[in-house]
Amino acid sequence: MELLWIGLGGIGGAWLRYGLALWSGKRWPGAKIPWMTMFINVTGAFLLGLSAAHLESVTDDGSMAALVERYGWQIGFLGAYTTFSTFGYEAVRLIELGKWDKFFTYLLGTTVMGLLACGLGYFLG
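Residues numbered from 1 in each chain as written. Predicted model: local features only at pLDDT ≥ 70, side-chain atom pairs only at ≥ 80, totals over all residues. Heavy atoms only, no water.

K.L.:
Pulling in residues and values, what's your account of the overall build of the protein chain?
P.N.:
Summing up its helical and strand segments, the protein chain has five helices and zero strands in all. Ordered by position in the sequence, the α and β elements of the protein chain form the string α-α-α-α-α. The C-alpha extent of the protein chain, read off along each of the three principal axes, is 50 × 30 × 25 Å. Going through the 125 residues of the protein chain one by one, you find that 33% of them count as buried. For the protein chain, the proportion of contacts with a sequence separation of at least 24, taken over those separated by at least 6, is 77%. Here the protein chain has roughly 7,700 Å² of accessible surface; of this, 72% comes from carbon and sulfur atoms. Of note, the protein chain has its 8 positive side-chain charges centred 20 Å away from the centre of its 8 negative side-chain charges. (Helix = DSSP H or I, 4+ residues; strand = E, 2+ residues; numbered from the N terminus. Buried < 20%, exposed > 50% of the residue type's maximum accessible area, 1.4 Å probe, protein only. Contact = heavy atoms within 4.5 Å. Areas by Shrake-Rupley, 256 points an atom, 1.4 Å probe, with all protein chains shown as cover. Lys, Arg positive; Asp, Glu negative; His and termini not counted. Charge placed at Lys NZ, Arg CZ, Asp CG, Glu CD.)

K.L.:
Got a sec to walk through a nonpolar patch on the surface? Specific residues and values, please.
P.N.:
Among the surface-exposed residues, Met 1, Leu 4, Leu 8, Ile 11, Trp 15 and Met 64 lie close enough to one another that they form a single nonpolar patch of about 670 Å² accessible area. Broken down by element, the residue count for the nonpolar patch peaks at four residues, all from helix H1 (residues 2-27). Locating Met 1 in the fold gives a position in the segment before H1. (Patch = residues over 30% accessible without salt bridge, like charges linked within 9 Å, V, L, I, M, F, W, Y side chains within 5 Å. Salt bridge = Lys/Arg side-chain N within 4 Å of Asp/Glu carboxyl O.)

K.L.:
Account for the UniProt feature "transmembrane region" (unreviewed entry) in the protein chain, naming residues and giving values.
P.N.:
Here, UniProt's "transmembrane region" (unreviewed entry) annotation points to residues 6-23, 35-53, 73-92 and 104-124. Secondary structure across residues 35-53 comprises 100% helix and 0% strand; the distance between its end C-alpha atoms is 27 Å. Span residues 104-124 is 100% helix and 0% strand, its end C-alpha atoms 29 Å apart. (UniProt positions renumbered as here; feature names shortened; annotations may be inferred.)

K.L.:
Please provide a residue-by-residue account of the environment of Ser 51, values included.
P.N.:
Position of Ser 51 among the secondary structure elements: in helix H2 (residues 35-57). A distance of 2.8 Å separates the side chain of Ser 51 from the side chain of Glu 69, its partner in a polar contact. (Polar contact = N/O pair within 3.5 Å; in protein donor to acceptor, adjacent residues only side chain to side chain.)

K.L.:
Lay out the UniProt feature "binding site: Na(+)" (unreviewed entry) in the protein chain in plain terms, naming residues and giving numbers.
P.N.:
Mapped onto this numbering, the UniProt entry annotates "binding site: Na(+)" (unreviewed entry) at Gly 79 and Thr 82. Mapping Gly 79 onto the fold places it in helix H3 (residues 64-81). Look at Gly 79 and you get partly exposed, because its relative accessible area is 45%. Inspection of the secondary structure assignment puts Thr 82 in the loop between H3 and helix H4 (84-96).

Below you can see the structure in the form of structure tokens.
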């Protein structure tokens, strides 16, 4: 049952990520910093923190709701939605292009904002 929820959640997360990437590419063609990847990572970190805090605050009795939240939402949806591998690739490309200022902006922005967003989500949850 867990694999089913992971798969269903993963489909939704992947579709949303892809849709946002297409939208941002049309909205901001030729962007020098991959802002949408940073946005996705930060919002995904926030939502995971919020969800993790929620699950810790309720008794995980193996109910369907807990199963869906843990496997369908956290692992499936948010796992497919966030883009850490893309973040790594885009950071390496900025280094290869010698765009050190953009690399450090992207690296620090994604890392610091992602950690703060996760902490905020956990705190609010």
